[in-house]
Amino acid sequence: PKPQDFRLSETEREDILHEISQYPEARAASIEALKIAQRRLGWVPDAAIAEVATLLGVSTAELDGVATFYNLIYRQPVGRHVITICDSVACYLTGYEATRDALIETLGIQPGQTTADGRFTLLPICCLGACDHGPVLMIGEDTHLDVTPDTVPAMLEAYE
Ligand code: FES
């Protein structure tokens, strides 16, 4: 099915309603609801934003704002594993550029792109809050500290 034909499944809808029931206000469940909407495709198309916004009783613009702000929700197709590399100042000073270049070379993609096999997407991100262990990156929900060009290949191997 095309992204514009996306519809929540019965289970996804029930899971979202369950999350909403955990909070005094429905909109407080926004992030959990978006994570459920993202389970099947790995990203959240416009049609899903509209459906989830209706369940939460918020506008699509508000929910889109939440989705865009939150690092682990994607509004465009991404690979199976999303690598987010910190390009803020502390990591910049400890070797961000060399680590980024090693990723670019190993993966054969530029930041913002996805590998042809759909395995990885590479995205820059601002400070991940582990500044004394730069360069820092995340792969999915895993944080990797002190990532140097030498440690990049072995690190990637763990993600199929
Ligand atoms: Fe990279 Fe803070 S500057 S984690």
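Quick caveat: nothing in here was measured; it's all calculated off a predicted structure.

**A word on helix 6 (residues 96-107)**
Working step 1: Between its first and last C-alpha atoms helix 6 spans 16 Å; for 12 residues at 1.5 Å apiece the expected length is 16 Å, and the two agree.
Working step 2: Taken together, the buried positions of helix 6 are Y96, T99, A102, L103, I104 and L107.
Working step 3: Against strand 1 (81-86), helix 5 (89-93), strand 2 (120-125), strand 3 (137-139) and helix 7 (152-157) lie the buried residues of helix 6.

**Side note on the domain arrangement of the protein**
Working step 1: Assigned domains of the protein: these are domain 1 (3-69) and domain 2 (81-157).
Working step 2: Each of domain 1 and domain 2 has a C-alpha centre, and these two points are 28 Å apart.

**Overview of unusual backbone geometry**
Working step 1: Here G134 and P135 are connected by a cis peptide whose omega angle stands at -10 degrees.
Working step 2: A positive phi angle is found at D146, which is not glycine, with a value near 50 degrees.
Working step 3: With respect to the secondary-structure elements, D146 resides in the loop between strand 4 (142-144) and helix 7.

**Structural notes on the layout of surface pockets**
Rolled over the atoms, a probe as big as a water molecule pinpoints where empty space is left.
Working step 1: What the largest pocket holds in volume is close to 360 Å³.
Working step 2: Lining the largest pocket are 18 residues, and of these I73, Y74, R75, V78 and L123 lie nearest its centre.
Working step 3: Among the secondary structure elements, those contributing two or more residues to the lining of the largest pocket are helix 4 (60-69) and strand 2.
Working step 4: The element best represented in the lining of the largest pocket is strand 2, accounting for four residues.
Working step 5: When its residues are assigned to classes, the lining of the largest pocket shows nine nonpolar, eight polar and one charged.
Working step 6: If you add up the space inside the second largest pocket, you get close to 270 Å³.
Working step 7: At the level of elements, helix 2 (30-38) and strand 1 are the ones that each hand at least two residues to the lining of the second largest pocket.
Working step 8: A class-by-class count of the residues in the lining of the second largest pocket yields six nonpolar, five polar and four charged.

**Details of the sheet that holds strand 3**
Working step 1: The four strands are arranged 2-1-3-4 in an open sheet whose pairing can be described as mixed. The sheet terminates laterally at strand 2 and strand 4, the two strands that pair on one side only. Strand-to-strand twist in this sheet, taken as the mean axis angle between neighbours without regard to direction, amounts to 20 degrees.
Working step 2: Strand direction decides the pairing type here: strand 1 and strand 2, joined by six bridges, are parallel. Following the sheet pairing, V82 is matched in strand 2 by T121.
Working step 3: Contacts from helix 6 reach strand 1, strand 2 and strand 3 within the one sheet, and its direction differs from that of strand 1 by about 155 degrees.

What counts, and where the lines are drawn
Residues numbered from 1 in each chain as written. Predicted model: local features only at pLDDT ≥ 70, side-chain atom pairs only at ≥ 80, totals over all residues. Heavy atoms only, no water. Helix = DSSP H or I, 4+ residues; strand = E, 2+ residues; numbered from the N terminus. Expected span 1.5 Å × (residues − 1). Buried < 20%, exposed > 50% of the residue type's maximum accessible area, 1.4 Å probe, protein only. Contact = heavy atoms within 4.5 Å. Domains from an automatic or database assignment. 1 Å grid on protein atoms, 1.4 Å probe; cavity = no way out; pocket = protein on both sides within 12 Å on 5 of 7 lines; lining within 4 Å. Points joined across faces, edges and corners; volume = space filled by probe spheres on them. Nonpolar A, V, L, I, M, F, W, Y, C, P; charged D, E, K, R; others polar. Pairing = 2+ DSSP bridges. Axes fitted to C-alpha atoms, helices over the stretch in contact; angles between N-to-C directions.

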